[in-house]
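Letter by letter, the chains look like this.
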Amino acid sequence: MRDPRYDILFTPLKIGPVTAKNRFFQVPHCNGMGHAMPLAHAAMREIKAEGGWAVISTEECEIHPSSDLTPYVEARLWDDRDIPALALMCDKVHAHGALAAVELSHNGPTASNLYSREVLLAPSHQVSKYGYPSQARAMTRHDIREYRRWHREAALRGKRAGMDIVYVYAAHDLSLPMHFLQRRRNQRSDEYGGSLENRVRLLREVLADTRDAVGDTCAVALRFATDELLGPSGVELAEAQDIVGLLAELPDLWDVNLAAWYNDSVPSRFAAEGAQEPFIDFVKKTTSKPVVGVGRFTSPDTMVSQIRRGVLDMIGAARPSIADPFLPRKIEEGRIDDIRECIGCNICVSGDMTISPIRCTQNPTMGEEWRKGWHPERIQPRRTASRVLVVGGGPAGLEAARALGQRGYEVSLAEARRELGGRVTREARLPGLAEWARVRDWRVGQIGKLSNVSLYLDSVLSAQDVLDFGAEHVVLATGCHWRRDGFGRSNGLGIAELADHPRVFTPDDLLDGRMPSGRVVVFDDDGFYHASVAADLLRQQGCEVTYVTPEDSVAPWSVNTLDYRHIRKRMAKQGIEVIVSHNIADFTDTTLTLENGWDGLRHERPCDAIVMVTSRLPADALYQELLRREADWSDAGIQSLRCIGDAEAPGLIAHAIYAGHRYARELEEAPAGEVAFQRHFHTADADDLRRMPPP
Ligand code: ADP
Ligand code: SF4
C-alpha cells in the first residue's frame, strides 16, 4: 500500500467553500476536442477523475462571441445552450469524488473572432497577436463594463453546469485581465492604465465580480503568470511580486506559472522537472491562500518536497495527467513503478495546435476514451489461446507485446539488437532527449511483471525463422532507416549523385557513432526535431555547423510542440549558422553548392560533410519476404501477419506506440464496422435546421 512518506499528498485541502480530497490538481489544458466534441471531452476528463485527481479543469473557456478562438477548439460558455456540454463533464468528474473547474477566458487581442466576426477588443488599439490582418480596438469604459458582465454571466453558467471552481484567467499572455497588466498592451490614460494599481484594477474587479456571482458555492481561482521572460517589455518577476502582494487574499486559490505557453509547457529537451520553482516560490510567502503550480511533476518525492518546502500546496499537472491519468491512484496504492511518466515531447500540445483531438506519446488511449472506448488501465482479455510473435523491440513492438501480454496472450518478442527500445533508446542518447527513454523503461518494466511475455535479445529473425517459430499471429515492428539519397519533400527525385558519397551522413550514422568532422551542413527537409538535435550534437562534438533548409523557417513543425523558439535560441547560442529557403544543388570535394528556392541563384561554400535529414524508408524486407511466402503460412500455423509502426510508415514515436497498442486491442476482435470509432454528429443543429420553415 501507500508509502507513508507520501501521506501529505493525500491530505484534503479546503479551497474557499469547497474541499479537494487530495493534492493532485489537473490544471486547465487544451485538448483539441472542446465544445466541438463534448462527449469525447467529458470522457477524457472522467478518466482522470477516476485516476484520482482531486480537481479536474476544463481548458480555456470562451465567455462571449467576442472571445472566439476559431479555428482552435476550446470550451465555450457563450450562452445557456453551452451549459449541457460542461454539465456532462461535471457529472462525470463528480461521479469519482473530484471537483470540476472551469477556466473562463476572454482573449481580447489574442482571440481570433474568425467565426463570430466581432471586432477584437483590447486595452488599447493594437495588432492582433496571431498576425490576423485586422487590429484590435481600444475598449471604452462601456466595453469594460460589458466585459465584466459577460464574465459574471459565464461564471453563473459555470456554476449552473456544476462547476466547483471558477477561474479568473490572467496568464499565458492570453486574457484581458493579463493584457490590462501588460504595459505593452495597455497604454490607457484612464483609471485602467498607467500605474500598477490602475493596471491591476480590472483583474481586481473581475475577481470581486466572480466571488459576488458564484462565491457562495464555488471557489474562485486566479491563474496568474509571474514572468513573461521578455525583460522590461513584459510582466517581470518584480512587478508580479507587487501584483501578488496587491491581490494576495482575493482569490481562494492561486494557480501560478510562466507566460507564454512555450515558457510554461517547455519540452523536456529544454527544461527539467520543477523548472518554474524560482519564478513562483514567492507566491506562498505572500498569500495565506492555497497555491498550485506545475513543473511536469512525475516523481512523488519531488511532489512531497514541493509541499514540505512550502513552494506549493497542490501539485498541478497537465502533461503528467495526460501521460498517466492514474498517477495519483498509483501513488496512493504504492505502485510507483507503474507510473507512466510524461517524457516532455509535447505531442499532446500538437493536437491543440493542429486542431485535432489530443494524443500522447506515452498514453495511446489519450483522446480515445470515448471515440474507441479505450481505458488507460483496462483492456479486454484475449478470446483464444493463440500465441503471438512480435518482431522488433522498438516502441511499436514493445507496446504491442505489453498490451497483448495484458490481454493474456502468450507473447514472444524478438529483437535484433542487444538492447530494447529501438529508436527510443538510440534517440534518448542525443542532447536533451534522455527522458524519452521513459517510453522504453515503462514498457520493459510492465512486461517484466508479465510471465506470459518472453523477450529474446540479439535475435535477428529471418522469414524462415518466423515460419519455423509457429505462432498463430505475427506482428512485424522492424522500424525504418533514414534515406541517404536526399529524397524528401523538396527533392522528389532525390539527389541521386549524393547517395553513395562517402561524406554524406544520415541521423542513423550519428546514432551508430559514425560522426563527420570539420565544416558540416545539416540539411533539414524533415521539419521537426531531428535536424536541430543533430546540429546540437555535432556542435557539441566540435564541428562547425550550418543548418540548411528548403523551408522558409527552421524546423517549422516544431511550432506545434512549442519547441520552435527554444530551438532557435539554442542554435543562436551555439553559433550554428542558419540558411533557409535553400536546396542542395551540388557537393564536390569540399564545395557545397546551394540554390535559393525563390530566385534560383546559386552560391558555393566550403563544406566537409552533409548530414541528410530528409525522409525515411520502412525496414520491411522481412515483411515483403513473408508476403512472398504466403503459401507457406498455413503449414507454419500462421493465421495473420501484420506490419506496424515505422516499418509500415515512418512517423513519430507517438504513432509507433499507437500502432502497437491498436494492434493489441484489435487482435482477434470482431471488426467494429466500417468506421472503427464513434464520432460526433451535430444532430441538435441538424434538427434545428429541419424545423426551420423553407425560405
Ligand atoms: P518502431 O518505432 O516502429 O517501434 P524502431 O526502429 O524503434 O521502430 O524499432 C524497430 C526494432 O526492430 C529495432 O530495435 C530493430 O533492431 C528491430 N529489428 C529490425 N529487424 C529485425 C529482425 N529481422 N529481427 C528482430 N528484430 C529486428
Ligand atoms: Fe508528456 Fe509527450 Fe504525452 Fe505530452 S505527449 S503528456 S509531453 S508524453
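What counts and what doesn't
Residues numbered from 1 in each chain as written. Chains lettered and ligands numbered in written order. Predicted model: local features only at pLDDT ≥ 70, side-chain atom pairs only at ≥ 80, totals over all residues. Heavy atoms only, no water. Near = heavy atom within 4 Å. Polar contact = N/O pair within 3.5 Å; in protein donor to acceptor, adjacent residues only side chain to side chain. Helix = DSSP H or I, 4+ residues; strand = E, 2+ residues; numbered from the N terminus. Buried < 20%, exposed > 50% of the residue type's maximum accessible area, 1.4 Å probe, protein only. Contact = heavy atoms within 4.5 Å. Pairing = 2+ DSSP bridges. Axes fitted to C-alpha atoms, helices over the stretch in contact; angles between N-to-C directions. Phe/Tyr/Trp six-rings, centres within 6.5 Å; stacked < 30°, edge-to-face > 60°. Domains from an automatic or database assignment. Buried area = accessible area lost by both parts, 1.4 Å probe. Salt bridge = Lys/Arg side-chain N within 4 Å of Asp/Glu carboxyl O. Nonpolar A, V, L, I, M, F, W, Y, C, P; charged D, E, K, R; others polar.

Engineer: What's the story with the site of ligand 1 in this structure? I'm lost.
Structural biologist: The environment of ligand 1 is made up of 22 residues, and the closest members are A396, E415, A416, R423 and D646. A distance of 2.6 Å is found between an oxygen atom of ligand 1 and a side-chain nitrogen or oxygen belonging to E415. Residue R423 places a main-chain N or O atom 2.8 Å away from an oxygen atom belonging to ligand 1. Broken down by secondary-structure element, the contributors of at least two residues to the shell around ligand 1 are α14 (395-407) and α15 (422-427).

Engineer: Sorry if this is basic, but what is going on with the environment of A248 here?
Structural biologist: In this structure, A248 sits in the loop between α6 (237-247) and β12 (253-257). Residue class for A248 comes out buried when judged on its relative accessible area of 8%. As a C-alpha pair, A248 and K285 span 37 residues in sequence and 9.9 Å in three-dimensional space. Ignoring anything within four residues of it in the chain, the contact list for A248 reads W254, T286, T287 and K289.

Engineer: Got a minute to help me understand the pairing of strand β26 (residues 602-606) in this structure?
Structural biologist: Taken residue by residue, a regular strand's side chains alternate between the two faces of the sheet. With 5 bridges connecting them, strand β25 (residues 591-596) and β26 associate as antiparallel partners. Within β26, the residue paired with L592 across the bridge is R605. Following β25, the chain reverses through 5 residues before pairing antiparallel with β26; G600 in that reversal takes a positive phi of roughly 75 degrees.

Engineer: Got a minute to help me understand the sheet that holds strand β29 (residues 640-643) in this structure?
Structural biologist: To summarise the sheet geometry, strands pair through backbone hydrogen bonds and adopt either a parallel or an antiparallel arrangement. As summarised here, the arrangement of the 5 strands in space is β17-β16-β15-β18-β29, forming an open sheet in which the pairing is parallel. Sheet topology places β17 (453-456) and β29 at the edges, where each strand pairs with a single neighbour. Averaged over neighbouring strand pairs, the angle between their axes works out to 15 degrees when direction is ignored. Inspection of the sheet shows strand β15 (residues 387-391) paired to strand β18 (residues 473-476) by 4 bridges, in the parallel sense. Paired with V388 across the strands is H473, a residue of β18. Sheet strands in contact with helix α21 (residues 621-628) are β15, β18 and β29, and its direction is about 150 degrees off that of β29.

Engineer: How should the packing of aromatic side chains be read in this particular structure?
Structural biologist: For the coordinates displayed, the defined rule picks out 9 aromatic pairs. With centroids separated by 5.4 Å and ring planes inclined at 40 degrees, the aromatic side chains of W374 and Y658 adopt a geometry described as tilted. Of the two residues, W374 is situated in the loop between α13 (347-353) and β15 and Y658 in helix α23 (residues 653-666); the sequence distance between them amounts to 284 residues. For W374, a relative accessible area of 6% puts it in the buried group. We classify Y658 as partly exposed; its relative accessible area is 22%. Consider the rings of W436 and Y529, whose centres lie 4.9 Å apart with planes at 80 degrees: the pair is edge-to-face. Within this pair, whereas W436 is found in the loop between α15 and α16 (438-448), its partner Y529 is found in the loop between β21 (519-524) and α19 (530-540), the two being separated by 93 residues in sequence. Of the two residues examined, W436 and Y529, each falls in the buried class.

Engineer: For this particular structure, what's the right way to read unusual backbone geometry?
Structural biologist: Trans peptide bonds make up most of the peptide bonds, and negative phi angles are found at most residues other than glycine. A cis amide bond links T70 to the next residue, P71, at an omega of 10 degrees. Summarising the element assignment, P71 is placed in the loop between β4 (55-62) and β5 (75-76). With an omega of -5 degrees, the peptide bond between A259 and A260 qualifies as cis. With respect to the helices, strands and loops of the structure, A260 is situated in the loop between β12 and α7 (261-264). The phi dihedral of R296 is positive, around 50 degrees, even though this residue is not glycine.

Engineer: Help me understand the domain arrangement of the protein in this model?
Structural biologist: Note on interface size: it is often stated as the accessible area lost on association of the parts. Parsing the protein into structural domains produces domain 1 (4-353), domain 2 (387-479 + 620-666) and domain 3 (482-617). The straight-line distance from the C-alpha centre of domain 2 to that of domain 3 is 31 Å. Each partner contributes to the interface: domain 2 provides 13 residues, whereas domain 3 provides 12 residues. Buried area between domain 2 and domain 3, both sides added, is near 1,100 Å², and the carbon and sulfur share of it is 63%. Where domain 2 touches domain 3, the interface holds 2 salt bridges. A salt bridge links R426 to D512, with the nearest nitrogen and oxygen atoms 2.6 Å apart. At the junction of domain 2 and domain 3, the tally comes to 4 residue pairs in polar contact (both at pLDDT 80 or more). When residues in the side of domain 2 that touches domain 3 are grouped by element, the largest group, 3 residues, is from α15. Here the residues of the side of domain 2 that touches domain 3 are counted per class, giving 7 nonpolar, 1 polar and 5 charged.

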